[in-house]
Each structure stands twice: as C-alpha cells, then as structure tokens.
Amino acid sequence: MEGENNWDVSFELQSMTFQETIVMTDGEQRQLDFDVDQSDLPEGFRVGHILATVSYGETSGLPADPADSVAANVPQTDMQAQWNDDNNTLSGSSNDATDIELLLRTHPGFTGQPVNATGLNEYQVLQPWLVEGFGTGTFSVVLELNTQSPPFLNDGDEEITVVVEVLMFKPLASTA
Ligand SMILES: [Ca+2]
C-alpha cells in the first residue's frame, strides 16, 4: 500500500517465575495451578510463552534405588493461548530423573525472534503484538508418579519440583 514502510519489530524480554516443590506418593496424580494475572505484567508487556520444567531426583535414600517414573502434562484451561501450535510440548515423561520440559506458546506469532513487518506507522505495526488477554489466567501442570523400588525394599514417594517461567515481551518497532 502507498505510504507503507518496512519495519523491524524486536522484543524486549522479561520473565516471571513460579516454583513449587511437592512430595507425591506412588500412583498419585496431582494438578498444580499457577495463576498469571494481567496486573502481574509490567507496563507494555504481553505473555509470549510459558515454559514449565519438572525435575526430581531419587530421594528415598535406599541403596541401589532406581529412579522413579514421572509423567507431566499441561491440560487446556480457559487461558487464551496458542493451544494447537505445533511448537508446543504439552506432555512428557521421564524414568531416569532427567528434567521434563513443557512449552505453551501464548501470544499469536511470538517465537522470541525479531520479525519484519510493513505498515504506515509504528502504531499500526505494533498492533498485532499488543493484543491483550493471551497468557493470563490459569496455567496447570498435572503430575503422575510411579515409584520404582530396589529389591525387597519399598520406595513409596518422591519429591518433585515444578518451575514455571512466564516469558513476557515488549515489542519495539524501528524502520528497516
Ligand atoms: Ca525409586
């Protein structure tokens, strides 16, 4: 369109972190809820994605105790997000005590990388990046534990830590 210019849109990033450590028993399933409020976001920032890292060790103290199995998934909530994005990882599991990483993209088009855009002015170019409501609400992680015990001993529980990183961005436009 006449008068349109090429722009570079880059993103200033900040993150907000939640952490919860729980002890689960063998066979248990538990849901953890993390609430992201609009008022938690710094002025001008939107939520780009939410990354959850589930970690655990072998805390039984029993000799030769094999690592337990943990499964984790992110169920769809009423949070507005890119629930069907191919880059999401909404479920995972581990049976060797390695971390499980889960990712939900929230703001349309946000990958963390700068983008090119065309538009008449800065205001117009920034509009797609300033839609409100994505990535706020409840983000949930459902955990399931199955312990593995050494011969003749009983390992009945495990300590699991979930770290949720909410990645926030502020878009900045400059003429290309
Ligand atoms: Ca074990």
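Residues numbered from 1 in each chain as written. Predicted model: local features only at pLDDT ≥ 70, side-chain atom pairs only at ≥ 80, totals over all residues. Heavy atoms only, no water.

A. Structural detail: the overall build of the chain. Along the backbone of the chain there are 1 helix and 9 strands. Going from the N terminus to the C terminus, the chain shows its helices and strands as β-β-β-β-β-β-β-α-β-β. The buried share of the chain, reckoned over its 176 residues, is 39%. For the chain, restricting intrachain contacts to residue pairs at least 6 apart in sequence, the fraction spanning at least 24 positions comes to 82%. Split by element, the accessible area of the chain, about 9,100 Å² in all, is 44% carbon and sulfur. A distance of 10 Å separates the average location of the 4 positive side-chain charges in the chain from that of its 29 negative side-chain charges. (Helix = DSSP H or I, 4+ residues; strand = E, 2+ residues; numbered from the N terminus. Buried < 20%, exposed > 50% of the residue type's maximum accessible area, 1.4 Å probe, protein only. Contact = heavy atoms within 4.5 Å. Areas by Shrake-Rupley, 256 points an atom, 1.4 Å probe, with all protein chains shown as cover. Lys, Arg positive; Asp, Glu negative; His and termini not counted. Charge placed at Lys NZ, Arg CZ, Asp CG, Glu CD.)

B. Quick look at the nonpolar core. Residues Val54, Phe139, Val141 and Leu143 are the most contacted members of the largest nonpolar core, which totals 31 residues. Sorting the residues of this core by element identifies strand S1 (5–25), strand S2 (29–36), strand S3 (46–56), strand S4 (69–73), strand S6 (100–105), strand S8 (137–146) and strand S9 (157–175) as the ones contributing at least two each. Not counting the four nearest positions on each side in its chain, Val54 is found in contact with Val70, Ala72, Asp99, Ile100, Val141, Leu143, Ile160, Thr161 and Val162. By size, the runner-up hydrophobic cluster in this structure holds 11 residues, among which are Trp7, Phe110, Ala117 and Val125. (Core = buried A, V, L, I, M, F, W, Y, C linked by side-chain atoms within 4.5 Å.)

C. Representation of the environment of Thr161 within the structure. With respect to the helices and strands, the residue Thr161 is situated in strand S9. For Thr161, a relative accessible area of 14% translates into the label buried. Here the alpha-carbon distance between Thr161 and Asp35, two residues 126 residues apart in the chain, equals 17 Å. Leaving out residues up to four positions away in the same chain, Thr161 has contacts with Gln19, Glu20, Thr21, Thr53, Val54 and Ser55. Among the polar contacts listed, one links the side chain of Thr161 to the side chain of Thr21, at a separation of 2.9 Å. (Polar contact = N/O pair within 3.5 Å; in protein donor to acceptor, adjacent residues only side chain to side chain.)

D. Layout of a negative patch on the surface. A surface patch of negative charge is lined by Asp33, Asp35, Asp37 and Asp40. Mapped onto the secondary structure, Asp35 falls in strand S2. Judged by relative accessible area, Asp35 falls into the partly exposed class, the value being 43%. (Patch = residues over 30% accessible without salt bridge, like charges linked within 9 Å, V, L, I, M, F, W, Y side chains within 5 Å. Salt bridge = Lys/Arg side-chain N within 4 Å of Asp/Glu carboxyl O.)

E. Quick peek at the coordination of the calcium ion. Taken together, Glu58 (OE), Asp65 (OD), Asp65 (OD), Pro66 (O), Asp68 (OD), Gln148 (O) and Asp155 (OD) make up the protein donors of the calcium ion, found 2.2 to 2.9 Å from the metal. Of note, the calcium ion draws all its donor residues from one chain, in the sequence arrangement E-x6-D-P-x1-D-x79-Q-x6-D. (Donors = N, O, S within 2.8 Å, 3.2 Å for Na, K, Ca; no water.)

F. Looking closely at the pairing of S1. Pairing of S1 with strand S7 (residues 115–119), which is carried by 5 bridges, proceeds in the antiparallel orientation. In the strand pairing of S7, Asp8 is matched with Asn116. Note: S1 against S9, 19 bridges, orientation antiparallel. Looking at S9, one finds that Gln14 is bridged to Met168. (Pairing = 2+ DSSP bridges.)

G. Spotlight on the environment of Asn121. Mapped onto the fold, Asn121 is located in the loop between S7 and helix H1 (122–126). A polar side-chain atom of Asn121 sits 3.3 Å from the main-chain amide nitrogen of Tyr123. A polar atom in the side chain of Asn121 sits 2.8 Å from the backbone nitrogen of Gln124.

H. Fine view of the sheet that holds S1. Pairing within the open sheet is antiparallel, and its 5 strands lie in the order S6-S3-S9-S1-S7. The sheet is open, and its two edges are formed by S6 and S7, each paired on a single side. Recorded for the sheet is a direction-independent mean angle of 25 degrees between the axes of neighbouring strands. (Axes fitted to C-alpha atoms, helices over the stretch in contact; angles between N-to-C directions.)

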